[in-house]
Amino acid sequence: MRISLFRRQPDPDRIEVVHAGTRYPVMVKRRANARRMTLRVSQATGEVTLTLPERAEFAAGRIFAENHGGWIAARIAKRPRAVPFEPGQMVPLRGVPHRIVHWSKARGVTQATQDKDGAPIIAVAGEAAHVARRIKDFLRRLALEDLEKAVRQHTAALGIPARKITIRDTKSRWGSCSSQGHLNFSWRLILAPASVLDYLAAHEVAHLKEMNHSHRFWALTHRLCPHTEAAETWLKRHGASLHGYG
């Protein structure tokens with residue numbers, strides 16, 4: 001039996017692409033099922049990924065990425081503006097813009113209310129250093145409450161209960177359903193209009209019966225949530241912007 005003395009050296013985990021004087025780190029991944037080289041820029045994280053087929057030469061992949069430096073720069077430039085959770089910033093709550101107000105240094109509850117002029121605000125109490133954490137905790141709590149309510153409604157209509165509901169800060173998907181009946185959702189759905197959160201709840205509840213994206217699945221989702229198409233359209237247009245908050 002002949003043993004090959006030549007083995008491909010492991011690829012670097014990342015490379016750098018330089019465009020117009022700016023350096024962009026690019027993650028390198030190989031996929032056995034990839035048919036061609038691809039580049040992807042995550043609108044949620046800004047991470048750039050170069051995917052190579054198993055037999056592709058690494059040097060060719062590097063050249064491919066370098067030749068698309070302008071494309072990478074353009075995609076990075078289109079990422080949503082970062083909005084930190086700090087006083088004065090505007091943050092959507094169920095699709096309605098709210099201004100963050102640090103109203104007291106004393107400990108107290110965080111609440112969605114109105115200022116003296118009737119404008120929507122999120123009022124935060126406590127030390128200024130903890131404002132961002134308190135805002136995030138508040139939004140996560142509201143997200144869980146709204147999603148639990150929506151899931152209860154849709155599972156009642158479906159006749160199949162969800163075994164567990166978890167809130168996370170996922171970057172690649174808004175929700176998921178496991179084969180054990182566990183539903184996971186992004187807390188950032190509380191930033192979207194209520195109809196969008198309701199649609200994602202219906203979408204994942206439908207997976208409790210149809211663990212696929214077949215015609216049966218979509219028919220069931222539309223039955224549970226008649227505004228499915230409108231919510232999908234909103235997510236495609238505005239979903240990436242939700243990752244810019246906090």
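Structure: see above.
Owing to the predicted nature of the structure, the values given are computational and were not obtained by experimental measurement. Every residue gets a number counted from 1 within its own chain, in the order that chain's sequence is written. Where totals are concerned, whole chains, interfaces and linings use all residues; where local detail is concerned, this predicted model gives features only for residues with pLDDT of at least 70, and gives and counts side-chain atom pairs only at 80 or more. As a rule here, side-chain values come from all non-hydrogen atoms in the structure, and water together with hydrogens is ignored.

Colleague: Which parts of the structure should I look at to understand the overall build of the protein?
Modeller: Helix and strand content of the protein: 6 helices and 11 strands. Here the globule rule is a power law, 2.2 Å times the number of residues to the power 0.38, and the radius of gyration is based on C-alpha atoms. Computed over its C-alpha atoms, the radius of gyration of the protein comes to 22 Å, more than 25% above the 18 Å expected for a compact globule of 246 residues. Reported as C-alpha extents along the three principal axes, the dimensions of the protein are approximately 75 × 50 × 30 Å. In the protein, which comprises 246 residues, the proportion classed as buried is 41%. Partitioning the intrachain contacts of the protein with sequence separation of at least 6 by distance along the chain shows that 47% fall at a separation of at least 24. Strands are runs of DSSP state E lasting at least two residues, helices are runs of H or I lasting at least four, and both sets are numbered from the N terminus onward. In this scheme, a residue with accessible area under 20% of its type's maximum is buried, one over 50% is exposed, and one in between is partly exposed, where area comes from a 1.4 Å probe on protein chains only. Whether two residues touch is decided by their heavy atoms; if any such pair falls within 4.5 Å, the residues are in contact.

Colleague: It is not clear to me how the sheet that holds strand E2 (residues 22-31) should be interpreted in this structure. Could you clarify?
Modeller: Backbone-to-backbone hydrogen bonds pair the strands of a sheet. The strands run either parallel or antiparallel. Each pair of strands is called paired provided DSSP finds at least two bridges between the two strands. A sheet is described by the order of its strands in space; here 4 strands give the open sequence E1-E2-E4-E3, paired in mixed fashion. Single-partner strands in this sheet number two, and they are strand E1 (14-19) and strand E3 (38-41). Each strand axis lies, on average, 30 degrees off the axis of its neighbour in the sheet, ignoring direction. Note: E1 against E2, 6 bridges, orientation antiparallel. Bridge pairing in E2 places Arg-14 opposite Met-27. For helices, the fitted line uses only the C-alpha atoms of the stretch in contact; every axis is such a line through C-alpha atoms, and the angle between N-to-C directions lies from 0 to 180 degrees. In this fold helix H2 (residues 69-77) packs onto E1, E2, E3 and strand E4 (48-53), with an angle of close to 20 degrees to the strand it touches most, E3.

Colleague: Is there a simple way to explain the sheet that holds strand E10 (residues 175-177) in this structure?
Modeller: In space, the 3 strands of this open sheet follow the order E9-E11-E10, with mixed pairing throughout. Strands at the two margins of the open sheet, each flanked by one partner only, are strand E9 (164-168) and E10. Adjacent strand axes in the sheet meet at a mean angle of 15 degrees, parallel and antiparallel pairs treated alike. Examined bridge by bridge, E9 and strand E11 (residues 182-186) share 5 bridges and lie parallel to one another. Within the sheet, the bridge partner assigned to Arg-168 lies in E11 and is Ser-186. Strands E9 and E11 of the sheet are contacted by helix H3 (residues 131-158), whose axis makes an angle of about 150 degrees with E9.

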